[in-house]
Amino acid sequence: MRDLRFGIDIDGTVTCPTSLLPHINEQFGCNLVLDDIKEYDLTKAFTVDEHVFFEWYSQAESYIYSTSPAQAYAKKILEDWQTQFELYYISARGQQVYDTTIDWFKQEEIPYDHIELVGSHNKIATAKKLGVHAFFEDKHDNAVDIHEELDIPVILFDTPYNREPIPEGVIRVYDWQEANQWIKKLFPLEETLVN
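One structure accompanies this document, and this report is about it. (Residues numbered from 1 in each chain as written. Predicted model: local features only at pLDDT ≥ 70, side-chain atom pairs only at ≥ 80, totals over all residues. Heavy atoms only, no water.)

The strand order across the open sheet formed by six strands is β3-β2-β1-β4-β5-β6, and the pairing between neighbours is parallel. The open sheet is flanked by β3 (114-117) and β6 (170-173), the only strands paired with a single partner. Direction aside, neighbouring strands of the sheet carry axes that sit 20 degrees apart on average. By the bridge criterion, four bridges tie strand β5 (residues 154-157) to β6 in an arrangement that is parallel. Along β6, the bridge assignment pairs Ile-155 with Ile-171. Contacting β2 (85-91) and β3, helix α4 (residues 98-108) crosses the sheet at an angle of about 145 degrees to β3. (Pairing = 2+ DSSP bridges. Helix = DSSP H or I, 4+ residues; strand = E, 2+ residues; numbered from the N terminus. Axes fitted to C-alpha atoms, helices over the stretch in contact; angles between N-to-C directions. Contact = heavy atoms within 4.5 Å.)

Evaluated as defined, the whole model comprises 13 salt bridges. Here Arg-2 ties to Asp-113 by a salt bridge, and the two come within 2.9 Å at their closest N and O atoms. With Arg-2 in the segment before β1 (4-8) and Asp-113 in the loop between α4 and β3, this residue pair connects regions lying 111 residues apart in the sequence. Glu-109 is the partner of Lys-75 in a salt bridge, and the nearest nitrogen-oxygen pair spans 3.1 Å. Of this pair, Lys-75 sits in helix α3 (residues 74-82) while Glu-109 is found in the loop between α4 and β3, placing the two residues 34 residues apart along the sequence. For Lys-75, a relative accessible area of 29% corresponds to the partly exposed category. Members of the salt-bridge network, linked through shared partners, are Asp-9, Lys-123 and Glu-137. (Salt bridge = Lys/Arg side-chain N within 4 Å of Asp/Glu carboxyl O. Buried < 20%, exposed > 50% of the residue type's maximum accessible area, 1.4 Å probe, protein only.)

The next subject is the pairing of β1. Within β1, four of the five residues are buried, which leaves it mostly tucked inside the rest of the structure. Two strands pair when backbone bridges link them, and β1 and β2 are joined in this way by five bridges, in the parallel orientation. Bridged to Phe-6 within β2 is Leu-87. Summarising the sheet, β1 and strand β4 (residues 134-137) pair through three bridges and their orientation is parallel. Note on β4: the bridge partner recorded for Gly-7 is Phe-135.

One pass over the structure, following the stated rule, counts 23 aromatic pairs. When the centroid spacing of 5.6 Å and the interplanar angle of 50 degrees are considered together, the rings of Phe-6 and Phe-187 count as tilted. Here Phe-6, found in strand β1, pairs with Phe-187, found in the segment after α7 (176-186); they are 181 residues apart in sequence, far enough to count as distant. On the basis of relative accessible area, Phe-187 is assigned to the buried category, the value being 14%. Through a chain of ring-to-ring contacts, the aromatic side chains of Phe-6, Trp-81, Phe-85, Phe-136, Phe-157, Trp-176 and Phe-187 assemble into a single cluster. For the cation-ring pair, Arg-93 lies above Tyr-65, with the distance from its terminal atom to the ring centre recorded as 3.7 Å. The lysine or arginine in question, Lys-139, covers the ring of Tyr-40, its NZ or CZ lying 5.1 Å from the ring centre. (Phe/Tyr/Trp six-rings, centres within 6.5 Å; stacked < 30°, edge-to-face > 60°. Lys NZ or Arg CZ within 6 Å of the ring centre and 35° of its normal.)

A word on the layout of surface pockets. Volume-wise, the largest pocket comes out at about 710 Å³. Taken together, 37 residues line the largest pocket, and the ones lying closest to its centre are Leu-20, Tyr-40, Tyr-57, Tyr-65 and His-121. In terms of residues, the lining of the largest pocket owes the most to one element, helix α2 (residues 50-66), which gives six residues. Classifying every residue of the lining of the largest pocket by side-chain character gives 15 nonpolar, 12 polar and 10 charged. (1 Å grid on protein atoms, 1.4 Å probe; cavity = no way out; pocket = protein on both sides within 12 Å on 5 of 7 lines; lining within 4 Å. Points joined across faces, edges and corners; volume = space filled by probe spheres on them. Nonpolar A, V, L, I, M, F, W, Y, C, P; charged D, E, K, R; others polar.)

Treat this as a map of the structure, not an account of what it does.
Here it is in structure tokens:
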């Protein structure tokens, strides 16, 4: 019985936080690595006109999303979790990439119960509406806001762009295996009693 529901961000959480970098490096002649990304706004990491960047991104996003690799162990752990928890993905992606997103989940064979593309980084209303019991995120202010507004644990996947201080209740992890250990602590399963 799956009574608990997880809200899970996609980009930088299920997918590798480096997913965009090869595309940016190729398009803009850069040599960026993840440690160069100190802010969530990628245009702060190199010299580029914001309008030029976002125009390119809007044209390239479907291809970028379709080729993004999943983080190590994400698929295996999410498969294990699906037997116990409902998996609701809540992403800032817009509706224009819904089909691409569904295709990626099918191609990568990553389980899901529901995918909600909210088209904005404000995920609180959607997380509240969907009644999630924990959230998984890579954007610092999202993680803090979701925790404080909904009073649920938020697992924050560590990256160079989200290393500001976090309150108790936002838990920084370095990979999906560590996230899994925290979930076992936060939501211990009742052992089946044998007579």
